[in-house]
Amino acid sequence: MKEKTQVNDIDRSMYDFRFENKDAYKVHEGLTPAIVEQISKEKKDPAWMEQFRLQALQIYNQMPFPDWGPAIDGLQMDNIVTYVRPNTKMSAKWSEVPAEIKDTFERLGIPQAERKSLAGVGAQFDSELVYHNVKAEVAALGVVYTDLESALHGEYAEMIQKHFMKLVTPRDHKFAALHGAVWSGGSFVYVPPGVSVEIPLQSYFRLNAPGAGQFEHTLIIVDEGAYLHFIEGCSAPKYNVANLHAGCVELYVGKNAKLRYSTIENWSKNMYNLNTKRAKVEDGGVIEWVSGSFGSHVSYLYPMSILAGKGARAEFTGITFAGKGQNLDTGTKVVHNAPETSSYVNTRSISKDGGISTFRSSVVVNRNAENSKSAVSCQSLMLDDISRSDTIPAMDIRTNKADVGHEAKIGRISDEAVFYLMSRGISEEDARAMIVSGFADNVSKELPLEYAVEMNNLIRIEMKGSIG
Amino acid sequence: MSRKLLEINGLKVNVADKQILHGVDLAVGSGETHVLMGPNGAGKSTLGYAVMGDPRYTVTEGTVVFDGRDITAENADVRAKAGIFLSFQNPIEVPGISLSNFIRSALEQRTGKRVKLWEFRKELKAAMEILEMDPAYADRDLNVGFSGGEKKKAEILQLLMLKPSLAILDETDSGLDVDAVRTVSVGIKEYQKNKNASLLIITHSTRILEALHVDATHVLADGQMIASGDASLVEEINNHGFEQFLAR
Ligand SMILES: Nc1ncnc2c1ncn2[C@@H]1O[C@H](COP(=O)(O)OP(=O)(O)O)[C@@H](O)[C@H]1O
Ligand SMILES: [Mg+2]
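All of the points below concern the structure found in this document. (Residues numbered from 1 in each chain as written. Chains lettered and ligands numbered in written order. Predicted model: local features only at pLDDT ≥ 70, side-chain atom pairs only at ≥ 80, totals over all residues. Heavy atoms only, no water.)

### Observations concerning the coordination of the magnesium ion (ligand 2)
Residues and elements named next belong to chain B.
- The coordination sphere of the magnesium ion (ligand 2) contains the protein donors Ser45 (OG) and Gln89 (OE1), at a distance range of 2.1 to 2.3 Å. With a gap of 44 residues between them, Ser45 in helix α1 (residues 44-52) and Gln89 in the loop between β6 (84-87) and β7 (94-98) connect regions that are remote in the sequence.
- For Ser45, a relative accessible area of 18% puts it in the buried group. (Donors = N, O, S within 2.8 Å, 3.2 Å for Na, K, Ca; no water. Helix = DSSP H or I, 4+ residues; strand = E, 2+ residues; numbered from the N terminus. Buried < 20%, exposed > 50% of the residue type's maximum accessible area, 1.4 Å probe, protein only.)

### Looking at the packing of aromatic side chains
- Evaluated as defined, the whole model comprises 20 aromatic pairs over all chains.
- With 5.4 Å between their ring centres and 70° between their planes, Phe52 of chain A and Phe164 of chain A make a pair best called edge-to-face. Linking Phe52 of chain A in helix α3 (residues 47-62) with Phe164 of chain A in the loop between α8 (157-163) and α9 (174-182), this pair joins segments that are 112 residues apart in sequence. Accessibility assignment for this pair places Phe52 of chain A and Phe164 of chain A in one class, buried.
- Centre to centre, the rings of Tyr420 of chain A and Phe88 of chain B are 4.8 Å apart; their planes meet at 90°, and the pair counts as edge-to-face. Residue Tyr420 of chain A is found in helix α10 (residues 415-422), and its partner Phe88 of chain B is found in the loop between β6 and β7; the two belong to separate chains. Neither Tyr420 of chain A nor Phe88 of chain B differs from the other in exposure class; each is buried. (Phe/Tyr/Trp six-rings, centres within 6.5 Å; stacked < 30°, edge-to-face > 60°.)

### Quick notes on the packing of α10 of chain A against helix α11 (residues 428-439) of chain A
Residue and element names in this part refer to chain A.
- Between α10 and α11, whose axes approach to 9 Å, the crossing angle comes to 120°. Overall, the two elements α10 and α11 adopt an arrangement that is oblique. In this structure, α10 meets α11 at a crossing whose hand is right-handed. Side by side, α10 and α11 meet where Asp415, Ala417, Val418, Leu421 and Met422 of the first sit next to Glu428, Ala431, Arg432, Met434 and Ile435 of the second.
- When grouped by side-chain class, the residues that make up the contact of α10 with α11 number 7 nonpolar, no polar and 3 charged. (Axes fitted to C-alpha atoms, helices over the stretch in contact; angles between N-to-C directions. Parallel < 35°, antiparallel > 145°, perpendicular 65-115°, else oblique. Left-handed = near helix turned anticlockwise from the far one by under 90°. Contact = heavy atoms within 4.5 Å. Nonpolar A, V, L, I, M, F, W, Y, C, P; charged D, E, K, R; others polar.)

### Focus on the pattern of salt bridges
All names here are of chain A.
- The final tally for this structure, using the stated rule, is 28 salt bridges over all chains.
- A salt bridge links Glu288 to Lys258, with the nearest nitrogen and oxygen atoms 3.5 Å apart. Of the two residues, Glu288 is situated in strand β15 (residues 286-293) and Lys258 in strand β13 (residues 258-266); the sequence distance between them amounts to 30 residues.
- Here Asp390 and Arg388 are joined by a salt bridge, their closest N and O atoms 3.2 Å apart.
- Owing to a relative accessible area of 28%, Asp390 belongs among the partly exposed residues under this scheme.
- Of the residues examined, Arg388 reaches a relative accessible area of 45% and is grouped as partly exposed.
- Connected through shared salt-bridge partners, Lys258, Arg260, Glu288 and Glu446 make up one network. (Salt bridge = Lys/Arg side-chain N within 4 Å of Asp/Glu carboxyl O.)

In structure tokens:
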């Protein structure tokens, strides 16, 4: 990804290219038990999984659409193709990935990034992983990083059955149920006790087919005292039909283990991103979320941390950038369910050209979570008068032995600061982009360099032509 | 007089629809050092902002000519690239951009070329040493949480790194202790080593000028130039104040 830093003019076409994958196997649009069975058969599910899917479909049919967030009328479920299998088998060799798919990922900088700074990479194209590879020295530590499908049949089958959709159940909400019914692709990671994976693992999701849904499932188990940094990247080209992303991420952080989960999401602006992420943290464990939301037409995204063990900790660092035609509803939830747990939430939201950015936070401190601490801070930046930025904090504190704080700030770019930067020879456009990047610094400084550069490029793309 | 670098002709400037400068003339030759004095509220900073091109300061009449080119309608970045620099009376805090990255970006935009990191860091370190700045400030957010003195030093650091042909220093010495004024003054002398380096120093005190050669002094009051002279005028004002000029 570093290669991109030398390019001065970055435009969205970098993410917008697409190719027609005529040979791909697809199921029909819409959702019936027959389609779910067809997916299940196609994927050679174990029997329990097929049952699980059909049950989830029933739940899906019973549950209402959410009515409390951004409108999702544009999403006509009958038109969404739930399963698109690229015409290739998964490969551990980059050279075996079909040329056109390879070209897609190469343009996104995926293989270069792997060579440079990653311990392992997974690349998903539409519904299936097309490439998966882990460095030998990481595998030698007993670290498992594979696609979820093959894991369902292998050595870890039981572990998966025990954890799959136990944190996020199909009853959680309508799209969790949908996910349970039609999920495909995604990754399984297991880090054995005491193993520290020093360089990040990465997974990249690319949704190429028009009118399709992507429903990948990510299941990560970081065992006692282990450490992992997992990076997730997403993008898709723009079509004028709605695409849907309803992925699910379940993270299990063991005693004194630590997991950092970083995401830079850059879905195209016809995407409905209704993603569910949740982590459960045992005694002394740490979950760190780093989350950048740039793309999509509509997002509902609130990664949740359940602090289940004494002294468990959650940190959430996020940035959301809503431009023209975007309504991004993001935030985080924390449940303090044990004593001496702590949570720190630090988010920034930016809105521009009529974009709407809403930050929701929910902090629950249960009665048994004595001596717990929570600090939530949200800053918003509105780049013009037609854009909106809202903060909706919710707190439910059930013990008086907790230290809980919330802070929200809304601001604009100051003309004085723009002039100050311009007085040193920086153009107005760049001055504004610099100020916005600076504002997003809470996230970029938590990301590995290549990703921070990537994120600043995204900000620059969004800021292009922003001067009237 | 040497080749004219800056020419301000009959400049009238409005701020928030109120006229602040009522027709100001000033010429600074290449390589010269001029001092601008005047009571508080006279319009000295306004003049600096107007020359730098702050859009909040509207020129209603007159021209600013730099290096033979009328820049009255140009944006601040164009003026900066042409060679004008303003050391702000109150430097702005910009979170999330380090001092070092900021200077490097500015240099790259001015030259249109990539600035090699290694050489840049070396030069930056040397300049910070001259200014007795803690090197850790290079990686701190631009002016954020800097003390008054540190902010002013950071301005002079930018001056040394960006090497403009004209530097307007707006009360860079105000609010600094004796040692800091001396350090800043050493920085200004360093800048003057380039024989084309020109200065317009806005100040209330003579301390910053002690070690500097001054070619001309101007007095601004109520948005008008009321006196001009050589270096000795600084001394006179220092001893007798502005009253004698105001009375005229
Ligand atoms: N941004 C501004 N908005 C409103 N009034 C201003 C602004 N800048 C300067 N002024 C007014 O213009 C006059 C001159 O100010 P200034 O140029 O700062 O004087 P000096 O630097 O000589 O002390 C003062 O009356 C001041 O209040
Ligand atoms: Mg002033």
